[in-house]
Amino acid sequence: MGESHDEIPAPPEGFVRSEGRGAYSGHNGPYFHRSTPGETTEQAFFALPRHANGLGLVHGGMLTSFLDGLMGAAVFRAARRPGVTIHLSVDFLHMGRVGEWVMGESRVTRLTRDVAFVEGRVYVGRRDVVRGSGVFKLMHKRD
């Protein structure tokens, strides 16, 4: 695979490259986000060959990891502190392919002192690829 396989076109309107997401996300990205008012968190990535299985479809593990990070970002946005995944439910509905922008949106549906409940969807164009929900344990500073 040459460098041309890793070229990423300009992101969709309003999206900018995300920075400071940690080594795992840095290795699997790059990821992009769009800042919008309201409760919805939006992110995206451009599907490269390294994100795909042998059929040229975005790997289910990549989609799951993207959804998990997307929902974690929604938790941080709503709670103003990080959360760790304690439950993740994923439904695979369609396929994403190399060369497509994979988009995602998520929002917190319920927030308690210690736990956040989140739902999200990952889509390409007008088709939902993955839908999911999660429960996140909110992290507290140690006293």
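Because the structure is a prediction, the values reported are computed rather than measured.

**Student:** Could you give an account of the pairing of strand β7 (residues 127-138), naming the residues involved and the relevant values?
**Tutor:** Sheet topology note: the strand β4 (residues 83-92)/β7 ladder contains 9 bridges and is antiparallel. Bridging across to β7, Val90 finds its partner in Gly132. Inspection of the sheet shows strand β6 (residues 115-124) paired to β7 by 10 bridges, in the antiparallel sense. Within β7, the position partnered with Glu119 by the bridge is Ser133. Between β6 and β7, which pair antiparallel and follow one another directly, the connecting turn spans 2 residues, one of which, Gly125, has a positive phi of 60°.

**Student:** How would you explain the side chain of Asn28 if you had to name every residue and give the values?
**Tutor:** Mapped onto the elements, Asn28 comes out in helix α1 (residues 23-28). A distance of 3.0 Å separates the side chain of Asn28 from the backbone oxygen of Tyr24, its partner in a polar contact. Apart from the residues lying within four places of it in its own chain, the contact partners of Asn28 are His51 and Met62.

**Student:** Could you give an account of the layout of surface pockets, naming the residues involved and the relevant values?
**Tutor:** Space inside the largest pocket adds up to approximately 300 Å³. For the largest pocket, the lining is made up of 13 residues, of which Ser18, His33, Thr41, Gln43 and Ala73 are closest to its centre. When contributions to the lining of the largest pocket are tallied by element, the ones reaching two or more residues are β2 (32-34), β3 (41-46) and α2 (60-79). Along the lines of polarity and charge, the residues of the lining of the largest pocket split into 2 nonpolar, 6 polar and 5 charged.

**Student:** So what's going on with the pairing of β6? Residues and values would help.
**Tutor:** With 7 of 10 residues buried, β6 lies mostly within the body of the structure. Two elements, strand β5 (residues 101-111) and β6, share 8 bridges in a ladder whose sense is antiparallel. Looking at the pairing, Val108 lines up with Val118 of β6. The antiparallel pairing of β5 with β6 creates a hairpin that spans 3 residues between the two strands.

**Student:** Explain the packing of aromatic side chains to me, and be specific about the residues and the numbers.
**Tutor:** Counting across every chain of the model gives 5 aromatic pairs. Here Phe45 and Phe66 contribute two aromatic rings whose centre-to-centre distance is 4.9 Å and whose plane-to-plane angle is 70°, an arrangement assigned as edge-to-face. With Phe45 in strand β3 and Phe66 in helix α2, this pair connects stretches of sequence that are 21 residues apart. Grouped by ring-pair contacts, the aromatic residues Tyr31, Phe45 and Phe66 constitute a single cluster. In this structure, Arg121 is placed above the aromatic ring of Tyr123, and the distance from its NZ or CZ to the ring centre is 4.0 Å.

**Student:** Can you tell me about the pattern of salt bridges, naming the residues and giving the values?
**Tutor:** Note on pairing: side chains with opposite charge can pair once their charged atoms come close. A full pass over the atoms with the stated rule returns 8 salt bridges. With its nearest N and O atoms 3.2 Å apart, the salt bridge here joins Glu119 to Arg107. Of this pair, Glu119 sits in strand β6 while Arg107 sits in strand β5; the two residues are 12 residues apart in sequence, bridging distant segments of the chain. A relative accessible area of 36% means that Glu119 is categorised as partly exposed. With a shortest N-O distance of 2.3 Å, Arg121 and Asp128 are connected by a salt bridge. One salt-bridge network, held together by shared partners, links Glu105, Arg121, Asp128 and Arg131.

Basis of the calculations
- Residues numbered from 1 in each chain as written.
- Predicted model: local features only at pLDDT ≥ 70, side-chain atom pairs only at ≥ 80, totals over all residues.
- Heavy atoms only, no water.
- Pairing = 2+ DSSP bridges.
- Helix = DSSP H or I, 4+ residues; strand = E, 2+ residues; numbered from the N terminus.
- Polar contact = N/O pair within 3.5 Å; in protein donor to acceptor, adjacent residues only side chain to side chain.
- Contact = heavy atoms within 4.5 Å.
- 1 Å grid on protein atoms, 1.4 Å probe; cavity = no way out; pocket = protein on both sides within 12 Å on 5 of 7 lines; lining within 4 Å.
- Points joined across faces, edges and corners; volume = space filled by probe spheres on them.
- Nonpolar A, V, L, I, M, F, W, Y, C, P; charged D, E, K, R; others polar.
- Buried < 20%, exposed > 50% of the residue type's maximum accessible area, 1.4 Å probe, protein only.
- Phe/Tyr/Trp six-rings, centres within 6.5 Å; stacked < 30°, edge-to-face > 60°.
- Lys NZ or Arg CZ within 6 Å of the ring centre and 35° of its normal.
- Salt bridge = Lys/Arg side-chain N within 4 Å of Asp/Glu carboxyl O.

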